[in-house]
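# Structural overview for review
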Amino acid sequence: MYNKIKWTIMTLLLGLSLTGCWDYIGIDEMTIVTGIAIDKNQQTQNYELTFETISLMESTKEEGFKTKLIEATGKNLLDTIRNAKKRVVDKLYFSDMKTIVISNEIAKTEGIGAIINALIGDAEIREKTNIIISQEETAKQILNAKGIDNPSTAYEVRKIIDNDNDVTSSTKPLFLYEAFNTLREPGASLVAPAFHLVKNDDIITPELNGIGVFKDDKLIYYIDSIDSKYFLFIADKVNGGVISLSTDNSGKDNIALKISENRTSKKYSYNNNKIKIEITTITKVDLHDASDRLKAVGKKEIDEAEKKAESLIVKNIKQLVAKAQKEINTDIFGFGNLVYRHDPLLWKKLKNNWDEVFMEIELDVTSKVKVMNTGFTK
Amino acid sequence: MAKDRKEQKKKIIDKKVSQINNSLNKGTLFNNLKDNLSYMKELFVDDDLFIIREIENNFNPSFRCAIAYCEGLINPNIINESIIKPLMISKNIKKDDTLIDHLAKRIIQLYNIKKTKIIKDIVESVTYGDVILFIDGIAEVLILNVKKFEARSLTEPENEKILIGPREGFIEFLPTNLSLIRRRLRTNKLKFKYLSFGDKTNTQACICYIDGIVDNKILTELYKRLKKIKIDGVIDTNYITELIKDNRFSPYRTTGYTEKPDVVVGKLLEGRIAIVLDGSPIVLTIPYFFVENFQTSEDYYMNFYYTSFVRILRILGYFFSITVPAFYLAIIAFHQELLPTPLFINIALERQTVPLPTTLEMIVLLTVFDILKEAGERMPKGIGQSLPIVGAIVIGQAAVEAKLVAGPMIIIVTFTGITSLLIPKLNAPIIIFQIMLLLLSTTLGLFGLTIGLSYIIIHTLNLKSFGISQINLTGEFKYQTLKDTIFRAPWWQMKKRPKQITKNQIRMQQTEAKQNV
Amino acid sequence: MRKESMTSRQAISVIVLFIFGSTIILGLNTEPKQDSWISLIIGIILSLPLVLMYARIIKLFPGESLYNITERLLGKVGGTIINIMITWYAIHLGSLVLRNFSEYAEISILLHTPQIIVMISIIFIAVYTAKMNIEILGKWGIFVLPIILIMVIITLILSIGDYNINNLFPIMEHSFKKVFDGGFKILAFPLAETVLILPLADFFKKTDSSYKIYISSLIIAGFTLLIIIFRNLLILGTPLMTLSYFPTFTAARIIELGEFLSRIEGVITINFVLAEITKVTICLIVGAKGMAKLFNIKNYKNLALPVGLLIITLSLTQFSNVFQMFDFIKIYHIYAFPFQIIIPMIIWVVGEIKTKNNKVVT
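The following paragraphs examine the structure supplied in this document. Here the structure is a predicted model, which means the values were calculated and not measured.

Below, the discussion takes up the overall build of chain C. Tallying secondary structure elements over chain C gives 12 helices and 0 strands in all. Order of helices (α) and strands (β) in chain C, N terminus to C terminus: α-α-α-α-α-α-α-α-α-α-α-α. In terms of overall size, chain C behaves like a compact globule, its C-alpha atoms giving a radius of gyration of 20 Å where 362 residues would be expected to give roughly 21 Å. In terms of its C-alpha atoms, chain C occupies a principal-axis envelope of roughly 65 × 45 × 35 Å. When burial is assessed residue by residue, chain C has 57% of its 362 residues classed as buried. Taking the contacts inside chain C whose residues are at least 6 apart along the sequence as the reference set, 83% of them involve residues at least 24 apart.

See the structure below:
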C-alpha cells in the first residue's frame, strides 16, 4: 500500500520535473500577422516583405483593433520572415493571415512558384490563404492603403474576393493550396485576382480589378473586370453579376440581366490534329428593365432579351478566346487540363507543342439564357 | 527494536481488549439479584444515565426484581404502566421454575419481550433503549422493548429536491426508515436482514431486498464484504461505502445513495439491494451503474421526452465540466489556430493586461469558485443562497474591470462550475479529472487532453460494482438495454429489468404492456 | 477467475481501430496518385483471401492463441522460432506506429515538445489498458469507433464545398502494374497487419465466427478508408495529396464552413490519438503475450510495462529522422511479407493437414 503511494508520488515528481510547457505560448505574446506583401529589391535581389499585423497595444475592445506594418528584408523568403522578428517583441504568428500580396514585378519576372513552395510547407500558414497580385508598383502599397470597412486591409481584400463571386463575378479567388496544385496539374492555368488602388472619398483604397493570368508561374497578362466575367463563364465560376444589353435600337443599354445561376459545360473533340472545344452555357437570369418607358414586359420582350443576351455571351467568349490565341498566346483557360482529365494519352502526345495546338483550337459556343422573373414590377 | 516494542505494546493492548470483549461475551449472570445488580453497576460505573430501580410485589414479598435502563432512551409512561404497575400489584406471582415465562406471558404488558443470559446482549440492549428485568433467583433476564427516541420528523431531503413526486425523506431512525420502505412494498417477498457494525457503536443496519428478483451471487458477495468490516464504529453509510468499494482509489462511486424511500423502492424493484443504517438518513443501494449518476427520481415521475432531454444535458454537463477548462486552455495556449480570428483578437486583447499565465489564472478562478460554492453550502440558509451569486458577480466583474483576469475566463469558469452542479453525485471525479486534464493540457495541449480523456475513459470503463461492470458496452445496442441509460423510455416500454443485476428480467407482462399501448 | 473474453462486436471494432491506427494519420499509399482509390479497392480484394486464411486458422483452433498453436504444430524449435518472429513483428510494428505519431506531432501540433514525451504518454495509456481485463479494450473499441466514424462523417459533410470532382480524373492514367503495386502496398499496410489479431484469438468467444469478425472489420475499415481517400483526393488534388506527409491533416486544414466551423484540424488530432492508442495497445498486448510465452511467464500483464519500454526504446532508436521513416514505409511491404503471408500460410497448411489426420490433441 505505502509502496504504491510512494511510487505514484515519485512518478508524479519525475513527470513534473521532466515535463515543461514546451509549446505553451501565451495568446497575447504573439504578433498576429494578417497579411504579407512580397516585393523584391531589383538592385540587391533581396526580398522586401511587409507584414500587416494587429497592434494589440493600440487596439481596444470598444474601438476594434488597429493594424501596423512591419518591414523586413532578407535573402530568401523564410529568412526574411525570421528577420522580421528582430524588430518586434513577440513571435510572428501566421495562422490568421488571410492574404498574400505578390508584386507585379515578381510575378512577371521571377514567377510565384518559389514563393508558393516556401509558404505551403509552413505549419502555421494556412492552405486557404488568398493570393493576390498588386497592379501597383509595389505590393506594399496595397497593404499600406486603408480599407473602407475593415481596419485590416488584408482582411478587407479577403472579404472583397469572397463576396465577389455572388455579386459581380469578376474574379476567381486563388488559394495557396490551389496555386500549389495548379502549378503541378498538366495543362492547367493559374489565375489570380488583381488589385489596384483607387481614390474613394479622398482616401486611397484597394479595389478589385479583374484577374492576372499566368503562363506556368509567370504573370503574362491582366484581364480587366469586364472581360473577366466571360473568363469566368468559360471556367464555370459565375454565380452572379449583371449582363446589360439593349433591346431597342437606341444603342443604350436598357436592360439589365441579373445572373442568378450559371452552368457551363466544356467538351472537346480531336480530329486531324485539331482540337475543337465546345462550350455550352446555361444561365438563369432576372430581368430588370432600365428603359425610360413605363410598359409591362411581355413575352416578346423577354424572348428578345434572352436572344440578345445569348448572342452577347457567345460573342464575348469567342472574343476572349481569340484574344488569348492571338495576343496572349497562352492557354489561359486550362483547355489542356480538360484534355488531360479525359484522355491522358492524347495529352501526352500533344503536350510538347500544346501552345501551337492551342492557337489552332476551334471554338463552338452555345449559350442558353433563361429569364426566371422580372423583379418586383411587371 | 522500536518496531518490536511497538508490536509488543500493540499485542498487550489487543489482549486486554479481547479480554474485556470475552468477559462480555462469555460472562454469565448470577442467580442472586444482588450480585447481578452489583455486576451491572460495575459494568456501567461512572455512567449516570444508567439507572437501576428495584421492585417488590405487594402480595408476594419474596418476589424481588429490578429494572435497569438508560435514561432518555425509554418511554417512562410505558414503564410505569406496563412494567412496574403489574409487577407491583399482581396477585399472581409465584416463585417457581416457570416464573420467568409466567412474567413474560401473563404479567408484563408489552409487545416485545426477549429472554437472554448473555451479558453482551444485555449491554447492547440497555444502551439501545430497552429495559432489562432482573429477577431474584433466576440467572436469566427479560429484555423489554420500551424504546422511545427523539427523531426528526419526515421532511423533504435538501439534496434531492424535486418538483413532482413523493417528497418524504428518510430520517436518522432505523425502524422509521424501514417502515417507510415496507409501507411501499406490501409483499412477503421483501426481506429485511439485521446486521450490526462497529465494535463500539454496535450500529444496527438492515439489508433489504426482494426475494426472487435479487441475484443471489451479488447478495453473497455483499455479505462477504460486509463480514470483512472490522471497525470501532460506523456513523454514516459512507463508512460502509468506502469499506466495501470495488475500485478503492477511484473517485467514482460504486454504491448508490439516496435519502428518499421511493427511490429505494424503485431500486429494489430493479433487483438491487438496499443497506439502511441506523443513525443515517442515507440509504445505500447496490450494485451501482454508471448511468445512475445521471438519473434522478424525478426522471420517472415526469414526461419522458422532457426527462430524456434533461438526462442528456446531465451527461453533457459532466463531459463539459471536466473538459471545458482544459479545452479552453489548450486552445488559448497551444492551438490558437482553432480560434476564429475575431474571437482570437478579442481574447488576445483581454489577456494583454492579465498578469497571471492562463493556467494559473484558471486554477485560481476555479478554486475561488469552489470556495464560494463551499462557503455557500455551509453558511446559514439566509446568507448562503445569495453568497455564491453575489460573490461571483462582485469578484468576477471587479476582477475583470481591474484587469486581473480575462473576461472569457470568467465565462468558462462559471460555466464549468454551474454544469458541475447538475450532477452532484459526480463531484469527486469532476474535481480530480478537471485538474488532471488541466495540467495535462498545460504541458501537451490538445494531445495531452486526449491522453487524459483516454485515461478517464478506460478508468471509467473498468469500473465495477460488486463484480458487475458499471458500464456495459458489448456492442449490441438493443432498445431494451438502452432504455434507461442516455434517455428514459416511456414506462410502457420498460418491460425488462437490467440484465446484469437480475436473472428474473420480466417486469411487465407482454399482454399488459399491449393493453397500455 | 472468469476467462477474459470479448464479444464479437467488440472484437470487430477493435480490429477496425487497429486498421485505422496510423493509417488515418499517414494516409494510404498515394503513389498511384488519383488512382489511389482503385489501389485501395484492389488492396481490399487482395486481402480477402488472406483474411479468410487468418480466420480459418482461428476456426481450426478455436479459443486458442497463435502462440499456443505453433509449438503443437511445428514442434518445440519451429514453434519457438515462429513465436519469436511474431513477437518481434508486434513489438516492431508498435514502435513504428508510435514513431509515426510522434513524428506527426512534431511536425504539426507539438513542434517543440520532445518526441519521447509523446511516446511515453501513449505507452502509458497502452500499458494501463493492457494491464486491465481484455474486455476493457473491447469496450474501448465500442466507445471510440463511433467517435472516429462520426468525425469522419463530419469532415466529409463540412468539406463538400471544397470538393473538386476533376481531381478524380483521369481514371487509370497509370499503368495497371503501378496501381496493382499500390494495392499490394495497401495490403501490407495496414490491411494484412491484422495478422497480429491471431495471437489474441484466445480472447474471442468460441461460439463467435472468426470469419464474421474478420470480414466485417475488413469491410467497415475498408469502406471508411475509401471515404477518407476520396475526401482527401477531392479536397487536396493529386499534387498536394501526394506530396503531403499527412494528407488527412492537410485536408482538415482546408475545411472551412463560415468563420466558426473552420479550423477543425486540431480536433482531428483527437481522432488520431484515439486510433493510435488502440493500435499500440494491441501491439503491446501481442508482444507481451509472446514474451510471456517465450519466457514461460504465466500472466502476460506483468510484462506490459517492460514491453512498453522496449517499444519506446526501439521507436526512438530505429530512425534518426523523418525521411528514414518514410523511406522505410516505402519498403515496408517487403519487410512485412514473411510475417503477414508466409508464417500464417505455414501454420494454416500444417494445421489443416494435422487436424485432418487428427494428430492434434486438443
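Take the interface of chain C and chain B next. The interface is formed by 29 residues belonging to chain C together with 21 residues belonging to chain B. Secondary structure elements with two or more residues in the side of chain C that touches chain B: α1 (8-20), α4 (66-109), α5 (115-131), α6 (134-158) and α10 (265-294) of chain C. A per-element tally of the side of chain C that touches chain B places α10 of chain C first, with 6 residues.

All names here are of chain B. Overall, antiparallel pairing links the 5 strands, which are arranged β1-β2-β4-β5-β3 in an open sheet. Across the chains shown, the open sheet's two edge strands, defined by having one partner strand only, are β1 (50-56) and β3 (113-116). Adjacent strand axes in the sheet meet at a mean angle of 25° when their direction is disregarded. Summarising the sheet, β3 and strand β5 (residues 141-145) pair through 4 bridges and their orientation is antiparallel. From the neighbouring strand, I113 faces β5, where its bridge partner is L144. Most of the contacts of helix α3 (residues 76-89) go to β1, to which it runs at about 35°, and overall it touches β1, β2 (64-70), β4 (130-135) and β5.

Let us now look at unusual backbone geometry. In this model, I286 of chain B is joined to P287 of chain B through a cis peptide bond whose omega is -10°. Looking along the chain, the bond that leaves F189 of chain C and enters P190 of chain C is cis, with omega of 15°. Here P190 of chain C is to be found in the loop between α7 (176-188) and α8 (210-243). Even without being a glycine, D202 of chain A presents a positive backbone phi close to 70°. Here D202 of chain A shows up in the loop between β7 (191-200) and β8 (203-215).

By a frequent convention, interface size equals the accessible area lost on bringing the separate parts together. Taken together, the 16 residues of chain A in the interface contact 18 residues of chain C. Residue contributions to the side of chain A that touches chain C peak at 4 residues, all from helix α7 (residues 176-184) of chain A. The residue makeup of the side of chain A that touches chain C, split by class, is 6 nonpolar, 3 polar and 7 charged.

All names here are of chain A. Judged from the 4 bridges that link them, strand β10 (residues 242-245) and strand β11 (residues 255-271) form a sheet pairing that is antiparallel. Along β11, the bridge assignment pairs V242 with K258. Where β11 and strand β12 (residues 274-289) come together, 16 bridges link them in antiparallel fashion. The residue of β12 that forms the bridge with A256 is H288. Connecting the antiparallel pair β11 and β12 is a turn made up of 2 residues, with N272 showing a positive phi of about 50°.

Rules of the game
Residues numbered from 1 in each chain as written. Chains lettered and ligands numbered in written order. Predicted model: local features only at pLDDT ≥ 70, side-chain atom pairs only at ≥ 80, totals over all residues. Helix = DSSP H or I, 4+ residues; strand = E, 2+ residues; numbered from the N terminus. Rg over C-alpha atoms; globule rule 2.2 N^0.38 Å. Buried ≥ 20, exposed ≤ 12 C-beta atoms within 10 Å, placed from the backbone. Contact = placed C-beta atoms within 7 Å. Pairing = 2+ DSSP bridges. Axes fitted to C-alpha atoms, helices over the stretch in contact; angles between N-to-C directions. Nonpolar A, V, L, I, M, F, W, Y, C, P; charged D, E, K, R; others polar.

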